[in-house]
Amino acid sequence: MKVYVSADMEGVTGVVDAEDVQPPGRDYERGRVLMTEDVNAAVRGAYAAGATEVLVNDAHGPMRNLLPDLLDPRAGLIKGRPKPMGMMEGLTPEYDTVLCIGYHARAGVLGVLSHSFMGHEIEDIWLDEQLTGEIGLFHAASAAYGVPLALLTGDDTACDEMKAWDPAVATVPVKFAKDRFAAQLVPVAEARESIEATTAEALRTLSKPDAPAGPRTLAVRWQSASVASHLTAIPGVTRRDDRTVTVTGDMLHLYRIFNLFLRVCTAVTTNPPYC
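Rules and cut-offs
Residues numbered from 1 in each chain as written. Predicted model: local features only at pLDDT ≥ 70, side-chain atom pairs only at ≥ 80, totals over all residues. Heavy atoms only, no water. Helix = DSSP H or I, 4+ residues; strand = E, 2+ residues; numbered from the N terminus. Contact = heavy atoms within 4.5 Å. 1 Å grid on protein atoms, 1.4 Å probe; cavity = no way out; pocket = protein on both sides within 12 Å on 5 of 7 lines; lining within 4 Å. Points joined across faces, edges and corners; volume = space filled by probe spheres on them. Nonpolar A, V, L, I, M, F, W, Y, C, P; charged D, E, K, R; others polar. Pairing = 2+ DSSP bridges. Axes fitted to C-alpha atoms, helices over the stretch in contact; angles between N-to-C directions. Phe/Tyr/Trp six-rings, centres within 6.5 Å; stacked < 30°, edge-to-face > 60°. Lys NZ or Arg CZ within 6 Å of the ring centre and 35° of its normal.

1. A look at the environment of Lys79
Mapping Lys79 onto the fold places it in the loop between β3 (75–78) and β4 (97–103). When the C-alpha atoms of Lys79 and Ala59 are compared, they prove to be 8.2 Å apart, with 20 residues separating the residues in sequence. Aside from chain neighbours lying at most four places away, what touches Lys79 is Asp58, Met63, Arg64, Leu66 and Pro68.

2. Some remarks on the layout of surface pockets
In this structure, the largest pocket occupies an estimated 820 Å³ of space. Along the wall of the largest pocket there are 33 residues; nearest its centre are Gly61, Arg81, His115, Phe117 and Met118. When residues of the lining of the largest pocket are traced back to their parent elements, those giving at least two are α1 (18–21) and α7 (251–270). When residues in the lining of the largest pocket are grouped by element, the largest group, 6 residues, is from α7. Here the lining of the largest pocket is composed, by residue class, of 13 nonpolar, 12 polar and 8 charged.

3. Concerning the sheet that holds strand β8 (residues 170–179)
An order of β3-β2-β1-β4-β7-β8-β9 is seen for the 7 strands of this open sheet, with the pairing classed as mixed. Two strands bound the open sheet, and with one partner strand each, they are β3 and β9 (182–185). Across this sheet, the average inter-strand angle for adjacent strands is 25 degrees, counted without regard to direction. Note: strand β2 (residues 53–58) against β3, 4 bridges, orientation parallel. Along β3, the bridge assignment pairs Val54 with Ala75. Here helix α3 (residues 134–144) sits on the sheet in contact with β1 (2–7), β4 and β7 (149–155), set at roughly 170 degrees to β4.

4. Re the packing of aromatic side chains
Across all of its chains, the model carries 5 aromatic pairs by this definition. An aromatic cluster is built from Phe117, Trp222, Phe258 and Phe261, whose rings are joined through pairwise contacts. Between Lys2 and the ring centre of Tyr95, over which it is positioned, the NZ or CZ distance is 4.6 Å. Arg240 extends its terminal NZ or CZ atom over the ring of Trp126, reaching a point 6.0 Å from the ring centre.

Dropping the structure here:
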């Protein structure tokens with residue numbers, strides 16, 4: 001059984017603030033340890049369920065967060081950026097299942113550190129007119145590969161978002177949102193025990209996902225009309241209004257295009273071509 005792990009950071013045990021997840025935040029180095037140990041709990045659960053291979057993709061921010069010297073030595077690691085498939089780099093149809101560790105709720109929802117991919121740059125995302133964020137897009141893309149998403153960990157809001165997309169996915173809430181930068185925390189040892197046990201149980205009861213047939217439509221509403229304008233240079237991308245772009249295609253194509261959107265947005269907002 002080959003297991004793929006996508007590890008984000010905002011939904012990790014004990015993390016509640018940008019200082020915990022962004023360098024040079026005062027608690028970022030501690031956040032890296034917390035992130036690595038949550039992943040280790042999932043790796044232990046995977047091997048307890050019979051995994052023969054585990055690959056972990058560091059999927060947060062600079063994608064250089066996980067600590068290789070503390071990571072379970074049975075797990076492979078993809079680290080750094082850019083990556084053509086971003087948060088799901090390395091996933092192929094050869095894998096039997098996906099685990100999402102440390103995920104967060106979409107932009108506009110009152111969850112711990114909630115956002116959609118680029119903080120304040122993205123206002124909303126729709127997949128076939130359904131509001132989504134990182135969770136929904138990842139679930140749809142992994143289903144397009146034919147690989148079931150077995151488990152997600154994060155705050156209770158992220159877990160609820162996952163259940164709304166697919167009730168079959170096991171979830172582990174490691175904290176309960178009080179506001180965007182505040183939460184009631186599950187004790188660290190208890191959270192990791194739950195991640196390990198729930199991972200093992202989820203992998204013993206896997207079922208293949210049903211991926212919608214035919215083309216799908218992705219729409220993204222940006223804070224900046226300039227970003228939307230530049231994105232129309234990509235073949236197939238059109239504008240719905242000044243700040244919203246749409247593109248249609250198969251789900252894996254949409255995921256690749258969306259990762260290109262993110263790189264274009266970074267170029268436009270951090271190094272504007274006009275003065």
